[in-house]
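# A structural walkthrough
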Amino acid sequence: MKMTMKVSGLLTCAGLVGALATTASAADRGFQFNNLNISPYVNLQYRYDSNVDSAHRGEFDDSILTVTPGVDLKYKGNNWGLDGSAFYGYDMYMKYDELDTHRWGERLKLWYDGERWKLVLGERFVHTKESDSIIDGGRGYWRERDQIQFTGALSYDLSEVSRMTVDAAYSQLDYKNDSKRYAPLYGWHEWSAGLEFARRLTQKTNWVLAGGVQGYESDNATRNGLKNESYAYDIQGGISSRATERITYRLLAGVSWFDYATDDINTGWIYTANLNWLLSQKWAASFSGSSYYQPSESKANQANKIYSLSGGLTYRPYKRLTTTFNLAWRREEDEYKTYQYDHHTDVLAARIRANYQLARYASVFVGAEYSERFSDNSNSEYDRYILSTGLKLFY
């Protein structure tokens, strides 16, 4: 289950790549008030979008100017802390000013690390219509939407060699549909709960058994007597390991039962994979993947099975310059069908980016991204590329 596994991963997986890409340490930034650090910033960005409507034919291109002020905060106690951020952004289109839009969001995470137990609580809200690249975990729909999420995970060491983790989450996805311009997209309310057991196999490797339950209340209009509630149940097993000080990974596989609209149960294999590898002081690599069931966001009274894989490579030739290259793939397959035909859709995306720290409180970046959608339904296919550059000022 994607939500349950993701929350558990907050407590069981360690990342190495992020440390390589850091351009300025937290100690060098912000206003310090005892244990509280507050760091304001503003991003100024220009980007060129070759297909602002994600159209199959008759694409419209445009240049967009974006200004995004925000603030990061951190608080560190003896064995607990919190960190969060908030931002507001405005996108101004040069040709199609009817697409001008506001965006805003915030997030907050509270953590506690005791001798035998750990706790992570988090919440996040965002209102946006851009930055829906599958490289960043988006679905590739590029549509105005509200997203809210609450997560929690509690891990307890049962003994020196075994650990139990309980987690729960609630999320809500609401699309702002414009019937004059687009076919509708369907969001949902979602909750999940999970339980995970980990037992040490070696000094660095754990055996993992995880299971959970998930419920959806879809925005799809009910048809053919179907309900808008769906439920998923899954169980996965595998290993998690810090193979070396430079390599960590988590590999799970199992089975999921998806009861779509309480009408038909789909059963299939699922997987969850994460890998971080610090190759050297200049190179780092990461990989992740998952599969799961969910209601369709693009077709009423449909269910999809989702497959996703992504990888990244970070190169830091010297202290001020960081470069990244990312690849991602996402596949949606129709599982429960109320139509005479079914479709599958694949999205591929690639991005390259370079960030250079001009001075202690300023950095610049340039980037390029290309994405393409393939489908049995040719009307939903499109491609687009985005070129961007910008300046970040922070304190």
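These numbers come from a predicted model, not from an experiment.

### A few points about the overall build of the protein
From N to C terminus, the protein includes two helices and 19 strands. For the protein, the C-alpha radius of gyration of 22 Å lies close to 21 Å, the compact-globule estimate for 395 residues. Dimensions of the protein, computed from the C-alpha atoms along their principal axes, are close to 60 × 55 × 35 Å. Looking at the 395 residues of the protein, the share that counts as buried comes to 45%. In the protein, of all internal contacts separated by at least 6 residues, the share reaching a separation of at least 24 is 58%. Counting only carbon and sulfur atoms, one obtains 57% of the accessible surface of the protein, whose full area is about 19,800 Å². In the protein, 45 positive and 48 negative side-chain charges are present, and the distance between their average locations comes to 8 Å.

### Some words on the side chain of Ser240
Looking at the secondary structure, you find Ser240 in strand E11 (residues 229-241). Taking relative accessible area as the criterion, Ser240 reaches 4% and is therefore assigned buried. In this structure Ser240 touches Lys204, Thr205, Asn206, Val208, Tyr249 and Arg250, once residues within four positions along its chain are discounted.

### A short note on the nonpolar core
Of all hydrophobic cores here, the largest spans 10 residues; its members are Trp188, Tyr216, Leu226, Ala232, Phe258, Tyr260, Ala261, Tyr293, Ala303 and Tyr336. Setting aside chain neighbours within four positions, we find Tyr260 in contact with Asn220, Leu226, Glu229, Ser230, Pro295, Asn301, Gln302, Ala303 and Tyr336. Core analysis: the next-biggest nonpolar cluster, separate from the first, contains five residues, Ile134, Ala328, Val347 and Ala349 among them.

### Section: the pattern of salt bridges
Under the definition given, this model contains 15 salt bridges. Here Arg250 makes a salt bridge to Glu196, at a shortest N to O gap of 2.7 Å. Of the two residues, Arg250 is situated in strand E12 (residues 247-260) and Glu196 in strand E9 (residues 188-200); the sequence distance between them amounts to 54 residues. Both residues of the pair, Arg250 and Glu196, belong to the buried class. Overlapping salt bridges bring together Asp136, Arg351 and Glu369 as one network.

### What to know about the pairing of strand E10 (residues 205-218)
Most of E10 sits out of view: 10 of its 14 residues are buried. Looking at chain direction, E9 and E10 are connected through 13 bridges and run antiparallel. Following the sheet pairing, Leu195 is matched in E10 by Gly211. Judged from the 13 bridges that link them, E10 and E11 form a sheet pairing that is antiparallel. Its bridge partner lying in E11, Gly215 is registered against Tyr231.

### Details of the packing of aromatic side chains
Working definition: an aromatic ring pair is given by the centre-to-centre distance plus the angle between the planes. Here the structure, examined in full by the defined rule, presents 11 aromatic pairs. Among the aromatic residues, ring-to-ring pairing joins Trp188, Tyr216, Phe258, Tyr260 and Tyr293 into one connected group. Sitting above the plane of the Phe394 ring, Arg29 keeps its charged end 4.6 Å from the centroid.

### Some thoughts on the pairing of strand E6 (residues 117-128)
Pairing analysis gives 10 bridges linking strand E5 (residues 101-113) to E6, with the strands arranged antiparallel. Counterpart to Gly105 in the pairing with E6 is Val126. Here E5 hands over to E6 after three residues, the two strands then running antiparallel side by side. Direction of pairing for E6 relative to strand E7 (residues 145-157): antiparallel, over a ladder of 12 bridges. Bridge pairing links Phe125 to Ile148 in E7.

### Quick look at the confidence of the model for the protein
With 90% of its residues at a pLDDT of 70 or more, the protein has an overall mean of 88. Confidence drops under a pLDDT of 50 for residues 21-26, and excluding neighbours within four residues, the segment shows 11 contacts in the predicted structure.

### A few points about the side chain of Ser230
The topology assignment puts Ser230 in strand E11. Taking the relative accessible area as the measure of exposure, Ser230 reaches 2% and is therefore buried. With sequence-adjacent residues up to four places away left out, Ser230 is seen in contact with Gln214, Gly215, Tyr216, Phe258, Asp259, Tyr260, Ala261 and Pro295.

### Overview of the environment of Gly137
For Gly137, the location among the structural elements is in the loop between E6 and E7. In this structure the C-alpha to C-alpha distance between Gly137 and Ser310, which are 173 residues apart in sequence, comes to 9.1 Å.

### Describing unusual backbone geometry
A positive phi angle, near 55 degrees, is found at Asn34, a position not held by glycine. Along the chain, the position of Asn34 falls in the loop between strand E1 (31-33) and strand E2 (36-49). Classification of Asn34 as exposed rests on a relative accessible area of 75%. Of note, Ser54 is a non-glycine position whose phi angle comes to about 50 degrees, a positive value. Summarising the element assignment, Ser54 is placed in the loop between E2 and strand E3 (62-76).

What counts and what doesn't
- Residues numbered from 1 in each chain as written.
- Predicted model: local features only at pLDDT ≥ 70, side-chain atom pairs only at ≥ 80, totals over all residues.
- Heavy atoms only, no water.
- Helix = DSSP H or I, 4+ residues; strand = E, 2+ residues; numbered from the N terminus.
- Rg over C-alpha atoms; globule rule 2.2 N^0.38 Å.
- Buried < 20%, exposed > 50% of the residue type's maximum accessible area, 1.4 Å probe, protein only.
- Contact = heavy atoms within 4.5 Å.
- Areas by Shrake-Rupley, 256 points an atom, 1.4 Å probe, with all protein chains shown as cover.
- Lys, Arg positive; Asp, Glu negative; His and termini not counted.
- Charge placed at Lys NZ, Arg CZ, Asp CG, Glu CD.
- Core = buried A, V, L, I, M, F, W, Y, C linked by side-chain atoms within 4.5 Å.
- Salt bridge = Lys/Arg side-chain N within 4 Å of Asp/Glu carboxyl O.
- Pairing = 2+ DSSP bridges.
- Phe/Tyr/Trp six-rings, centres within 6.5 Å; stacked < 30°, edge-to-face > 60°.
- Lys NZ or Arg CZ within 6 Å of the ring centre and 35° of its normal.
- pLDDT = per-residue confidence, 0-100.

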